[in-house]
Amino acid sequence: MEYLLIAINSVFIGNLILAKFLGICPFLGVSKKVSTALGMSMAVMFVMTLAATVTWILFHFLLEPLNLQYLRTIVFILVIASLVQLTEMAIQKISPALYEALGIYLPLITTNCAILGVAINSIEKEYNFLGMLVYAFFGAVGFALALLLFSGIRERLDISSVPKSFRGAASSLIVAGILSLAFMGFAGLVPG
């Protein structure tokens, strides 16, 4: 039951983008097309889950026993950057079209604060290994859900009759605010 609550909280209540406002750069930058958003979501899901796993292991089996917890952020950033490079090379080999579509946003996963936030939060919340995996994976699912919803709405706005003063960034920010308010409705879903 504990892991189910962590999953629900990660996707809906504590959504990284819409509740914690982490990962806003790819949220606004890669959300013009659903196909691109889906590719970015899969890349973030892979990197976030793997990065949280590797950083959790490094923290608990290397940094903590050697009393080097103060190096946590530096080590976590190095791990994330390495994993992003591996993911970037894999996507370039597997799907050159997706690699081109993601453009500059793929290397920006390195600086995506959502990934670093999940790695740090899983340590600070003192999750065990399975709790960390659930938190990281479903945090990425919540990230993907927000990104895909937003990109779908943006695609619809592009073909809709929107007043000139609300086109582009203005309508995107209004929609992002409304989505964030909608996700606030899930706040009472999980007790505590």
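Along each chain, residue indices are assigned from 1 in the same order as the chain's sequence is written. Local features in this predicted model are restricted to residues whose pLDDT is 70 or higher, and side-chain atom pairs enter the listing and the counts only when it is 80 or higher, whereas totals over whole chains, interfaces and linings include all residues. Side-chain measures were taken over the full set of non-hydrogen atoms in the model, leaving aside hydrogen atoms and water.

### Regarding the nonpolar core
This is how it is decided: Think of a nonpolar core as a cluster: buried Ala, Val, Leu, Ile, Met, Phe, Trp, Tyr and Cys residues, connected wherever their side-chain atoms sit within 4.5 Å. Only protein chains enter the area calculation, which uses a 1.4 Å probe; residues under 20% of their type maximum are buried, those over 50% are exposed, and those in between are partly exposed. Helix numbering and strand numbering both begin at the N terminus, where a helix is a DSSP run of H or I of at least 4 residues and a strand a DSSP run of E of at least 2. We call two residues in contact when some of their heavy atoms are within 4.5 Å.
Core analysis: the biggest nonpolar cluster contains 51 residues, and Phe 27, Met 48 and Ile 109 have the highest contact counts within it. Ranked by residues supplied to this core, first place goes to helix 3 (residues 34–63) with twelve residues. With residues up to four places along the chain from it excluded, the contact list for Ile 109 reads Met 40, Ala 43, Val 44, Val 47, Ile 80, Val 84 and Ile 115.

### What to know about the pattern of salt bridges
Here is the rule: The salt bridge definition used is simple: a Lys or Arg side-chain nitrogen within 4 Å of an Asp or Glu carboxyl oxygen.
Overall, the coordinates contain one salt bridge when judged by the stated rule. Between Glu 124 and Arg 72 there is a salt bridge, with the nearest N and O atoms lying 3.4 Å from each other. Placement of the pair is Glu 124 in helix 6 (residues 113–124) and Arg 72 in helix 4 (residues 72–94), with a sequence separation of 52 residues. Taking the relative accessible area as the measure of exposure, Arg 72 reaches 18% and is therefore buried.

### So, the confidence of the model for the protein chain
Selection rule: pLDDT: the predictor's confidence for each residue, scored from 0 to 100.
Residue-level pLDDT values for the protein chain average 90, and 98% of them are 70 or greater. Averaged pLDDT values over the elements of the protein chain bottom out at 81 in helix 5 (residues 96–102) and peak at 95 in helix 7 (residues 129–159).

### Here's the deal with the packing of helix 3 against helix 6
Inclusion rule: Note on geometry: axes are C-alpha line fits, over the in-contact stretch for helices, and angles between N-to-C directions span 0 to 180 degrees. For classification purposes, angles smaller than 35 degrees are called roughly parallel, those larger than 145 roughly antiparallel, those between 65 and 115 roughly perpendicular, and all remaining angles oblique. Helix crossings are classified by the rotation of the near helix relative to the far one: an anticlockwise turn of less than a right angle makes the crossing left-handed, while a clockwise turn makes it right-handed. For this scheme, ten residues count as nonpolar: Ala, Val, Leu, Ile, Met, Phe, Trp, Tyr, Cys and Pro. Four count as charged, namely Asp, Glu, Lys and Arg, and the remainder, Gly too, count as polar.
Put simply, helix 3 and helix 6 touch, their axes get as near as 9 Å, and they point 40° apart. If you check the angle between helix 3 and helix 6, you find them oblique. Judged by the twist between their axes, the crossing of helix 3 over helix 6 is right-handed. Contacts between helix 3 and helix 6 involve Val 47, Met 48, Ala 51, Ala 52, Thr 55, Trp 56, Phe 59 and His 60 from the first element and Ala 114, Ile 115, Val 118, Ala 119, Ser 122 and Ile 123 from the second. Residues belonging to the contact of helix 3 with helix 6 are distributed by class as follows: eleven nonpolar, three polar and no charged.

### Quick word on the packing of aromatic side chains
For clarity, the cut-off: Geometry of aromatic contacts follows a simple scheme: Phe, Tyr and Trp rings, the Trp one being its six-membered ring, pair when their centres are within 6.5 Å, and the pair is stacked under 30 degrees between planes, edge-to-face over 60, tilted otherwise.
Counted under the stated rule, the structure contains eight aromatic pairs. Geometrically, the ring pair formed by Phe 12 and Phe 186 is tilted, given 4.7 Å between the ring centres and 45° between the ring planes. Residue Phe 12 is found in helix 1 (residues 2–13), and its partner Phe 186 is found in the segment after helix 8 (169–184); the two are separated by 174 residues along the sequence. Taking 5.3 Å as the distance between ring centres and 65° as the angle between the ring planes, the aromatic pair formed by Trp 56 and Phe 129 counts as edge-to-face. Taken together, the positions of Trp 56 in helix 3 and Phe 129 in helix 7 put the pair 73 residues apart, joining distant regions of the chain. When its relative accessible area of 11% is taken as the criterion, Trp 56 is described as buried. We classify Phe 129 as partly exposed; its relative accessible area is 32%. An aromatic cluster of three or more residues is present, and its members are Phe 12, Phe 183 and Phe 186.

### Some points on helix 8
The following threshold applies: Residue count minus one, scaled by 1.5 Å, sets the expected span of a helix.
An ideal rise of 1.5 Å per residue puts 22 Å on 16 residues; helix 8 measures up with 22 Å between its terminal C-alpha atoms. Those residues of helix 8 that are buried lie in contact with helix 1, helix 2 (24–29) and helix 7.

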